[in-house]
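Overview (structure and organization)
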Amino acid sequence: MRKILSFILLILVSTSVTQAQLFKKREKVVKKEYSVGTVPIVNNKVTFEKTIPAEGLTATQIENAVKEWLASRFVKPTVIGFKQYEQDTPGTVVAKAEEYIVFRKTFFILNRTRINYFLTITCTDGSCKFNMSRINYWWDDEADDGGLKVTAEKCITDDVAINKKGKLHRFYGKFRTRTIDLYESLAQALASHINSKK
């Protein structure tokens, strides 16, 4: 009887250790590109911005290249909606876009969110500022309950998406990483297109 109890105890202990190891593996270590401080807040709003160098090009040449890139990048089926706004200020291009970010896609599962955002691109001789702001999400938009609508300020900031242990939040962390990835891919694509005009 004691041998049986000892055997059962051994199984329970080994199972607990295995579960603890599996749980530990699930904790996501925050990569440098998604770590604290990588989601900038300007005037209480999530605002990504960087300067794209374009040495040798005038502001007008850069603006034309920006408009050309927008027209080729923001098309269906990749994009759900897109609108470019007319500006009185020369060299400034403003657009609003909506597209899907897919978190997971299998034969049985499609986990995705709509993301809406504004792009403001300010062109000067030799460079342009690329700004992405006014970001919000509509997760699981086809759900019976209508899904979840949330702003970037309540979803991807340091205090929401990174827990006290410095790990990515299981739910909001994916919004943070994919938003940063999207912004970086847009900035790189625009930079590549602008500099191809030299």
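A brief structural summary. All values reported here derive from a predicted model rather than from experimental measurement.

We now examine helix H2 (residues 59–73). Taking 1.5 Å per residue as the helical rise, H2 with its 15 residues ought to reach 21 Å, and the 21 Å between its terminal C-alpha atoms agrees with that figure. Inspection of H2 places Ala59, Ile62, Glu63, Ala65, Val66, Trp69, Leu70 and Arg73 among the buried residues, and these make up the whole buried set. Axial view of H2: buried residues confined to an arc of 160 degrees, hence all on one face. The inward-facing, buried residues of H2 abut strand E3 (79–85), strand E4 (92–105), strand E5 (110–124), strand E6 (127–139) and helix H4 (172–195).

What follows deals with the environment of Lys198. Relative to the helices and strands, Lys198 is located in the segment after H4. Spatially, the C-alpha atoms of Lys198 and Ala54 are 8.2 Å apart, while their sequence positions differ by 144 residues. Once residues within four sequence positions are removed from consideration, Lys198 is found in contact with Ala54, Glu55 and Leu57. Polar side-chain contacts of Lys198 include one of 2.9 Å to the side chain of Asn195.

Let us now look at the pairing of E4. Every other side chain in a regular strand lies on the same face of the sheet, so the side chains alternate between the two faces. With 6 bridges connecting them, E3 and E4 associate as antiparallel partners. Across the sheet, residue Lys83 finds its bridge partner in E4, namely Lys96. A loop of 6 residues connects E3 with E4, the two strands running antiparallel in sequence, and Gly91 in this loop sits at a positive phi of about 90 degrees. Linking E4 back to E5 in an antiparallel pair, the connection comprises 4 residues.

Turning to the pattern of salt bridges, a few remarks are in order. If you walk through the whole model with that rule in mind, you get 8 salt bridges. The salt bridge partner of Glu184 is Lys50, with a shortest N-O separation of 2.8 Å. Linking Glu184 in helix H4 with Lys50 in strand E2 (residues 45–53), this pair joins segments that are 134 residues apart in sequence. A relative accessible area of 29% places Glu184 in the partly exposed class. Among the salt bridges present, the one from Lys67 reaches Glu63, with a minimum N-O distance of 3.3 Å.

Applying the stated criterion to the full structure yields 13 aromatic pairs. Between Trp69 and Phe130, the ring centres sit 6.4 Å apart and the planes meet at 80 degrees, which makes this aromatic pair edge-to-face. Pair noted here: Trp69 is in helix H2 and Phe130 is in strand E6, with a separation of 61 residues, a long-range link. Using a relative accessible area of 5% as the deciding quantity, one classes Trp69 as buried. Take Phe130: its relative accessible area is 0%, and that puts it in the buried class. The structure contains a cluster of three or more aromatic residues connected by ring pairs, namely Phe48, Trp69, Phe74, Phe82, Phe130 and Tyr183. Its guanidinium or amino end placed over the ring of Phe118, Arg134 lies 3.8 Å from that ring's centre, counting from NZ or CZ. Over the face of the ring belonging to Trp138 we find Lys149, whose NZ or CZ atom lies 4.4 Å from the ring centre.

About the thresholds
Positions within a chain are numbered from 1, following the residues in the order the chain's sequence is written. For this predicted model, a pLDDT threshold of at least 70 governs which residues receive local features, and a threshold of 80 or more governs which side-chain atom pairs are given and counted, while totals over whole chains, interfaces and linings are taken from all residues. Side-chain numbers here rest on the full set of heavy atoms in the structure, without hydrogens or water. Numbered from the N terminus, helices here are DSSP runs of H or I no shorter than four residues, and strands are runs of E no shorter than two. Here, expected helix span is obtained from the residue count minus one, scaled by 1.5 Å. Burial classes follow relative accessibility: with a 1.4 Å probe on protein chains only, a residue under 20% of its type's maximum area counts as buried, one over 50% as exposed, and anything between as partly exposed. The arc in question is the one spanned by the directions pointing from the helix axis to the C-beta atoms. Note on contacts: a residue pair qualifies if any of its non-hydrogen atoms lie within 4.5 Å across the two residues. Under the rule applied, a polar contact is a pair of N or O atoms within 3.5 Å (in protein, one hydrogen donor and one hydrogen acceptor; residues adjacent in sequence only if both atoms are side-chain atoms). Paired strands, in this sense, are two strands between which DSSP finds at least two bridges. Here a salt bridge means any side-chain nitrogen of Lys or Arg lying within 4 Å of a carboxyl oxygen belonging to Asp or Glu. The rule is short: rings of Phe, Tyr and Trp, with Trp giving its six-membered ring, pair when the centres are within 6.5 Å, and they are stacked under 30 degrees, edge-to-face over 60, tilted in between. Only when the NZ of Lys or the CZ of Arg is both within 6 Å of the ring centre and within 35 degrees of the ring normal is a charge said to sit over the ring.

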